[in-house]
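Structural characterization, general
Spelled out, the chains give:
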Amino acid sequence: MAALSLPAGARAQAGGRKRIVLGQSAPLTGPAAQLGLQMRAGAKLYFDAVNASGGVAGSLIDLQTLDDGYEPQRCEANTAKFIEDDVLALFGYVGTPTSLVALPLINQHHIPLFGPFTGAEALRAPVSRWVFHLRASYYDETALIVNQMTNLGLKKISVFYQNDAYGKAGLAGVNRALTSQSLATVATATVERNTVDVARAVSELVPGRPEAIVMVSAYKSCAAFIREARKAGYGGVFYNVSFVGTQALSDELGKEALGVVVSQVMPYPFGVAHGVVADYQAAVQKAGGELRPNYTGMEGFLAAKVFTEGLRRAKSLTREGLIAGLESLSNYNAGGFTVNFGPGRRVASSFVELSMLTGDGRVRR
């Protein structure tokens, strides 16, 4: 590879080493904190291993994370700071409402955002040249959920969703999938972001006796709804999209997690593994402490791996060089997970599968 130039975002540090500076806005505190903490932890496992091996073209990757508490205004301020600091790229933003508020700044300042932890269509259409999505969309997830429900003969379906862009994106996906089968929701109810005020939603959904409830919110509010709905006598099935945070939801519910279904857009991070999953498991074990494999950490790790490959393929460590490097990842095998980026193609994968919580901390495929 030709020698790489040193642009904004790649900076000299003590000892003459260079840093490739990335900015991440994510919840590190508050009711959605586990999503940000796990996403960052997974990414750091991979970036730290890259740095320990010499970095990329002699430059070390420096992931700088600012807490936004899963609140859009804080994310907007964090993004403005990253732009002012002239980071090379944004990485691993967590959430739909937070990522959406950053999008105008991303487009205005021509700064790449890689691997946001959201499947919302509003971030994918119209296509932004600057935003690269690793994961499948909420349309993909809800289509699979609805398909499984109807295959099981479940046609009375209600939706519990977060009252913001994330929840509405999931609701739109459910409605889209149901309409394709000439069905409609029995009822819908909402919860406000970063709250667990679910009593009204329970009273609006449970009396209609839906056979299944699709949930589009974060782990604390979904756990609260599941507990209260069961107390109110609900005996149907709960389905969640991946952003709920599988480990966090399981931890919140304990034994009450039994039978809860979650759609997944990342490889199964448990059990006997090969490729990128085996690498992730080994990195978790090496790190020790309280870390354990989980889907959100797996997403951070895989996003870091794919991003790093894009950096390695870049002819210059500039934003344009990074974009060209990422666009070259067509049919790239990231260790058992196929990535398909390209010119004009900004969604790498449509992989979705369903998992079920067991009530003892495990997840079954």
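Calculation rules
- Residues numbered from 1 in each chain as written.
- Predicted model: local features only at pLDDT ≥ 70, side-chain atom pairs only at ≥ 80, totals over all residues.
- Heavy atoms only, no water.
- Helix = DSSP H or I, 4+ residues; strand = E, 2+ residues; numbered from the N terminus.
- Rg over C-alpha atoms; globule rule 2.2 N^0.38 Å.
- Buried < 20%, exposed > 50% of the residue type's maximum accessible area, 1.4 Å probe, protein only.
- Contact = heavy atoms within 4.5 Å.
- Areas by Shrake-Rupley, 256 points an atom, 1.4 Å probe, with all protein chains shown as cover.
- Lys, Arg positive; Asp, Glu negative; His and termini not counted.
- Charge placed at Lys NZ, Arg CZ, Asp CG, Glu CD.
- Core = buried A, V, L, I, M, F, W, Y, C linked by side-chain atoms within 4.5 Å.
- UniProt positions renumbered as here; feature names shortened; annotations may be inferred.

1. Things to note about the overall build of the protein chain
For the protein chain, the helix and strand inventory stands at eleven helices and 15 strands. Expected size for 365 residues packed as a compact globule is a radius of gyration near 21 Å; at 20 Å, the protein chain falls within 12% of this value. Counting only residues that meet the buried cut, the protein chain has 56% of its 365 residues in that class. The long-range fraction of contacts in the protein chain, counting pairs at least 24 apart against all pairs at least 6 apart in sequence, stands at 67%. Carbon and sulfur atoms provide 51% of the accessible area of the protein chain, an area that totals close to 14100 Å². Of the side chains in the protein chain, 35 bear a positive and 29 a negative charge, and the two mean positions are spaced by 4 Å.

2. Concerning the nonpolar core
Side chains of nonpolar character tend, in soluble globular proteins, to be buried together. In terms of nonpolar packing, the biggest core is built from 122 residues, with Phe91, Phe160, Phe225, Leu249, Val306 and Val339 touching the most fellow members. Sort the elements by how many residues they give to this core and helix H10 (residues 295-313) lands first, with nine residues. Aside from chain neighbours lying at most four places away, what touches Val306 is Phe114, Leu134, Leu326, Leu329, Tyr332, Ala334, Val339 and Phe341.

3. Describing the UniProt feature "domain: Leucine-binding protein" (unreviewed entry) in the protein chain
Cross-referencing UniProt, the feature "domain: Leucine-binding protein" (unreviewed entry) maps to residues 20-342 in the present numbering. This span, residues 20-342, is 45% helix and 15% strand, and a straight line between its end C-alpha atoms measures 23 Å.

4. A closer look at the environment of Asp279
Along the chain, Asp279 falls in helix H9 (residues 275-287). A residue is classified by how much of its surface remains accessible, and Asp279, at 44% relative accessible area, is partly exposed. The sequence separation of Asp279 and Pro210 amounts to 69 residues, and the corresponding C-alpha distance is 42 Å.

5. Some thoughts on helix H11 (residues 319-327)
Spacing of three or four residues puts side chains on the same side of an α-helix, whose turn is 3.6 residues. What H11 keeps buried is the set Gly321, Leu322, Ile323, Gly325, Leu326 and Glu327. Its buried side turned inward, H11 meets strand E4 (89-91), strand E5 (113-114), strand E6 (131-132) and H10.

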